[in-house]
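Next come the chains, spelled out residue by residue.
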Amino acid sequence: MQLIDTHVHLNFEAFQPDLEAIAQRWREAGVVNLVHSCVEPGEFLEIQKLADRFPELSFAVGLHPLDVEDKWRADSPQQISTLAQSDRRVVAIGETGLDFFKAANREQQVQAFEAQLAIAQSLNLPVIIHCRDAAEPMAELLRRFWQHQGEVKGVMHCWGGTPEETQWFLDLGFYISFSGTVTFKKAVQIQASAQMVPGDRLLVETDCPFLAPVPRRGEKRNEPSYVQYVAHQVADLRKLPLEQLAEQTTANARRLFGLTVGQPLCT
């Protein structure tokens, strides 16, 4: 059985003491590729070094909406675009998006997100979208972008929306990725969404080191090997054998991000 963890943050400090052991565990769990998301462009070089160290790692470049206020500058679009073209292992732009939870800079977030959508479109790369407390304005923005600038492909990562909201993004052609939250007992709406996503648009992720899934929820650190628990829960919700769910999500990740399982991209 092969799995792809489509959203990790391995450069975070929590992983540094035992990263080799963590890699051994993800390999033993059948994780054949990982997509390393990027919080801000300043991370690029250290993520690149991790990909040198672990050849199954592909990565993205972008600016997280929670970092826009401090780190978005006039030259940020050019910086992101240049970095994205500097390494063949870059498979996406992001993570970017909208986070309106306690946000006072909504207009600035929208500006940064639209700029990164344009970069993704111009480079024919998918966009990794973070969306918190912003599903309706996000959907409206994306519809407007499609109308005026054309389609852009991508994934709603660590998805936590209702089935109705999920359908908005499916109608726009996006993939939907579920994290450890889908295993939480009270996550009824997320679980309902996981049941209704078409099989060819479904992805799984950890978003590690955050959101460790059941049965590891009590642990302070999530890790890529735990994507197996996410996959198991989604398979159970959809009444599928785990192997079939793994095959579907792996094929979807390969298609969206251009990954070759077992033969990672190289510089």
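Residue positions are given per chain, counting from 1 as you read along its sequence in written order. A pLDDT threshold of at least 70 governs which residues receive local features in this predicted model, and a stricter bar of 80 or more applies before side-chain atom pairs are shown or counted, although totals over entire chains, interfaces and linings include all residues. No hydrogens and no water enter the side-chain calculation; it runs on all heavy atoms of the structure.

K.L.:
Just checking my understanding: could you explain the overall build of the protein chain for this structure?
P.N.:
A tally of regular secondary structure across the protein chain gives ten helices and eight strands. Principal axes of the C-alpha set define a box for the protein chain whose edges measure 45 × 40 × 30 Å. Accessibility here uses a 1.4 Å probe with only protein chains present; expressed as a share of the type maximum, an area under 20% marks a residue as buried, one over 50% as exposed, and anything in between as partly exposed. By residue count, 57% of the 267 residues in the protein chain fall in the buried class. Residue pairs in contact within the protein chain that sit at least 24 positions apart in sequence constitute 72% of those at least 6 positions apart. Put simply, DSSP H or I for four residues or longer makes a helix, DSSP E for two residues or longer makes a strand, and each gets a number counted from the N terminus. We call two residues in contact when some of their heavy atoms are within 4.5 Å.

K.L.:
Explanation requested: the packing of helix 6 (residues 135-149) against helix 7 (residues 163-171) in the structure shown.
P.N.:
For any two helices packed against each other, the geometry is given by the interaxial angle and the distance between the axes. Between helix 6 and helix 7, the shortest axis-to-axis distance is 10 Å and the interhelical angle comes to 15°. In terms of axis orientation, helix 6 runs roughly parallel to helix 7. Judged by the twist between their axes, the crossing of helix 6 over helix 7 is left-handed. Listed contacts from helix 7 to Ala135, Glu136, Met138, Ala139, Leu142 and Arg143 of helix 6 are Glu165, Trp168 and Phe169. Here the contact of helix 6 with helix 7 is composed, by residue class, of six nonpolar, no polar and three charged. Between the N-to-C directions of two axes lies an angle of 0 to 180 degrees, each axis being a line fitted to C-alpha atoms and, for a helix, fitted only over the stretch in contact. Angles are sorted into four bins: roughly parallel if under 35 degrees, roughly antiparallel if over 145, roughly perpendicular if 65 to 115, and oblique for all others. Put simply, a crossing is left-handed when the front helix is turned counterclockwise from the back one by less than a right angle, and right-handed when it is turned clockwise. Polar here means any residue other than Ala, Val, Leu, Ile, Met, Phe, Trp, Tyr, Cys and Pro, which are nonpolar, and Asp, Glu, Lys and Arg, which are charged; Gly is therefore polar.

K.L.:
Honestly, the side chain of threonine 183 in this entry has me stumped. Any pointers?
P.N.:
Following the sequence through the fold, threonine 183 ends up in the loop between strand 7 (175-178) and helix 8 (188-196). Engagement of the side chain of threonine 183 in a polar contact is seen with the backbone nitrogen of valine 214, the distance being 2.9 Å. Not counting residues within four places of it along the chain, the set of residues in contact with threonine 183 comprises Gln191, Pro213, Val214, Tyr229, Val230 and Gln233. In protein, a polar contact means a hydrogen-donor-capable atom and an acceptor-capable atom, both N or O and within 3.5 Å, with residues adjacent in sequence counting only if both atoms are side-chain atoms; elsewhere, any N or O pair within 3.5 Å suffices.

K.L.:
In this structure, what is going on with the packing of helix 4 (residues 76-84) against helix 5 (residues 106-123)? I would like to understand it.
P.N.:
Contact geometry for helix 4 and helix 5: axes closest at 10 Å, N-to-C directions at 30°. Taken together, the axes of helix 4 and helix 5 are roughly parallel relative to one another. Of the two elements, helix 4 crosses helix 5, and the hand of that crossing is right-handed. Contacts from Pro77, Ile80, Ser81 and Ala84 of helix 4 reach helix 5 at Ala115, Gln116, Ile119 and Leu123.

K.L.:
Looking at this structure, I do not really get the pairing of strand 3 (residues 57-61). What am I missing?
P.N.:
Consecutive residues of a regular strand have side chains that alternate between opposite faces of the sheet. Counting buried positions along strand 3 yields five of five residues, so the element is predominantly enclosed. Burial of the side chains of strand 3 extends over both faces: Leu57, Phe59 and Val61 are buried on one face and Ser58 and Ala60 on the other. Note on pairing: two strands pair once DSSP finds at least 2 bridges between them. Direction of pairing for strand 2 (residues 31-36) relative to strand 3: parallel, over a ladder of three bridges. Paired with leucine 34 across the bridge in strand 3 is leucine 57.

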